[in-house]
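Next come the chains, spelled out residue by residue.
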Amino acid sequence: MTRHARNCTAGAVYTYHEKKKDAANSGFGTTSRRIGKDSVKSFDCCSLTLQPCRNPVITKDGYLFDKEAILTYIISKKNEYSRKMKEYEKQVKQDEEEETAKANAEQQKKLDKFISTEKNIVSSKAVKANEQPSTSGAISNVSLGKRKELPSFWVPSQTPAAKVSRIEKPDSKIYCPVSNKLLKAKDLIDVKFTLVKDPSDKKSLIAKENRYMCAVTHDILSNSVPCAVLKPTGDVVTMECIEKIIKKDMIHPLTNEKLSESDIIPLQRGGTGFATTNEKLEAKEQKPCLQV
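The shown structure was predicted, so the numbers you read here are calculated from the model rather than taken from an experiment.

Draft legend 1. Structural context of the nonpolar core. Formed by 36 residues in total, the largest nonpolar core has its most connected members in Ile58, Ile70 and Val237. Counting only elements with at least two residues in this core, the list comes to β2 (56–58), β3 (64–66), α2 (67–119), β7 (227–230), β8 (236–238), α4 (239–249) and β9 (264–266). Apart from the residues lying within four places of it in its own chain, the contact partners of valine 237 are Cys214, Ala215, Val216, Cys227, Ala228, Leu230, Ile242 and Ile246.

So, in structure tokens, the structure goes:
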């Protein structure tokens, strides 16, 4: 009996394991790895800083941010837009100046041509008489006056210059860094988490595993529990509470306000590592492709 193992190289088939092993050793191909629980952010962490939020705010699409982080992001994008707009306006001004100079040069060229024509009025017969055929049998570009048109690439002054890259007009809109949808500071909604009341647990808020609970049912919130934010007050409740309690009469259980479907914003969770909770649990690293 022959020995069958992963590292057996006596087989005639190039196995999947051997292919993966060779790809890892050579540095070519795309490397993929499944993301675990420790590699995914928690539900109450900012999508930019990946740290627990001090002043949490949420977008209309359900992405949670720290207020300081998202406002800093918006201000930096506005400053970047102002800088790019100044460069674009400078480019437009230079284009207008070049067009004006080109038009003036063309007009001056026509004027000089007209003046030279008026000064040298010669009959066509005299011009033909002065023309002498070329003595050489071969046609030479230099003798026909095409010296200046020849591409002398070895001469520094004749080398082609690289064109300056054009600047496109910048977009004044600011987009969400996660969803790439339109983002406005006035659309950010303050979120109010309900702290877990446990006198025996004296750890700091960041060190606690169970930090927050549902504002209505007091269920512990985590990445495995679907949550939603009630827009009028910013309270965080579980989706189970919304389905079983709130959607029956669409009234806020804490303030008795009338709610609509747009007032319920599902909170985008970070992940648990299980396929039932998240869709994208695989990280890929792009490497050079080995072409045959």
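Draft legend 2. Representation of unusual backbone geometry in the model. Here asparagine 180, not a glycine, exhibits a phi torsion of approximately 60°, which is positive. For asparagine 180, the location among the structural elements is in the loop between α3 (124–130) and β4 (189–190). Even without a glycine there, the phi angle at asparagine 256 is positive, about 60°. On the basis of relative accessible area, asparagine 256 is assigned to the exposed category, the value being 63%.

Draft legend 3. Quick peek at the UniProt feature "coiled-coil region" (unreviewed entry) in the protein chain. When the UniProt feature table is mapped onto this chain numbering, "coiled-coil region" (unreviewed entry) sits at residues 78–105. As annotated, residues 78–105 has a helix share of 100% and a strand share of 0%, and its two end C-alpha atoms lie 40 Å apart.

Draft legend 4. Examining the side chain of lysine 41 more closely. Looking at the secondary structure, you find lysine 41 in the loop between β1 (31–34) and β2. Comment: no salt bridge for buried lysine 41; closest opposite-charge side chain is aspartate 44, at 7.2 Å. In this structure the side chain of lysine 41 is engaged in a polar contact, spanning 3.1 Å, whose partner is the backbone oxygen of cysteine 45.

Draft legend 5. Up close: a negative patch on the surface. A cluster of like negative charges, contributed by Glu96, Glu97, Glu98 and Glu99, occupies part of the molecular surface. Turning to its location among the elements, glutamate 98 is positioned in helix α2. Judged by relative accessible area, glutamate 98 falls into the exposed class, the value being 53%.

Draft legend 6. Inspection of the packing of aromatic side chains at higher detail. Per the counting criterion, the structure on display carries 2 aromatic pairs. Ring geometry for phenylalanine 43 and phenylalanine 193: centres 6.1 Å apart, planes at 80°, overall edge-to-face. Of this pair, phenylalanine 43 sits in the loop between β1 and β2 while phenylalanine 193 sits in the loop between β4 and β5 (194–195); the two residues are 150 residues apart in sequence, bridging distant segments of the chain. Relative to tyrosine 212, the ring of phenylalanine 193 lies with its centre 4.5 Å away and its plane at 25°, an arrangement referred to as stacked. Residue phenylalanine 193 is located in the loop between β4 and β5, and its partner tyrosine 212 is located in strand β6 (residues 212–213); the two are separated by 19 residues in the primary sequence.

Draft legend 7. Spotlight on a nonpolar patch on the surface. Together, Leu111, Phe114 and Ile115 make up a nonpolar patch on the protein surface, roughly 280 Å² of accessible area in all. Its location among the elements puts phenylalanine 114 in helix α2.

Parameters and conventions
- Residues numbered from 1 in each chain as written.
- Predicted model: local features only at pLDDT ≥ 70, side-chain atom pairs only at ≥ 80, totals over all residues.
- Heavy atoms only, no water.
- Core = buried A, V, L, I, M, F, W, Y, C linked by side-chain atoms within 4.5 Å.
- Buried < 20%, exposed > 50% of the residue type's maximum accessible area, 1.4 Å probe, protein only.
- Helix = DSSP H or I, 4+ residues; strand = E, 2+ residues; numbered from the N terminus.
- Contact = heavy atoms within 4.5 Å.
- UniProt positions renumbered as here; feature names shortened; annotations may be inferred.
- Lys, Arg positive; Asp, Glu negative; His and termini not counted.
- Salt bridge = Lys/Arg side-chain N within 4 Å of Asp/Glu carboxyl O.
- Polar contact = N/O pair within 3.5 Å; in protein donor to acceptor, adjacent residues only side chain to side chain.
- Patch = residues over 30% accessible without salt bridge, like charges linked within 9 Å, V, L, I, M, F, W, Y side chains within 5 Å.
- Areas by Shrake-Rupley, 256 points an atom, 1.4 Å probe, with all protein chains shown as cover.
- Charge placed at Lys NZ, Arg CZ, Asp CG, Glu CD.
- Phe/Tyr/Trp six-rings, centres within 6.5 Å; stacked < 30°, edge-to-face > 60°.

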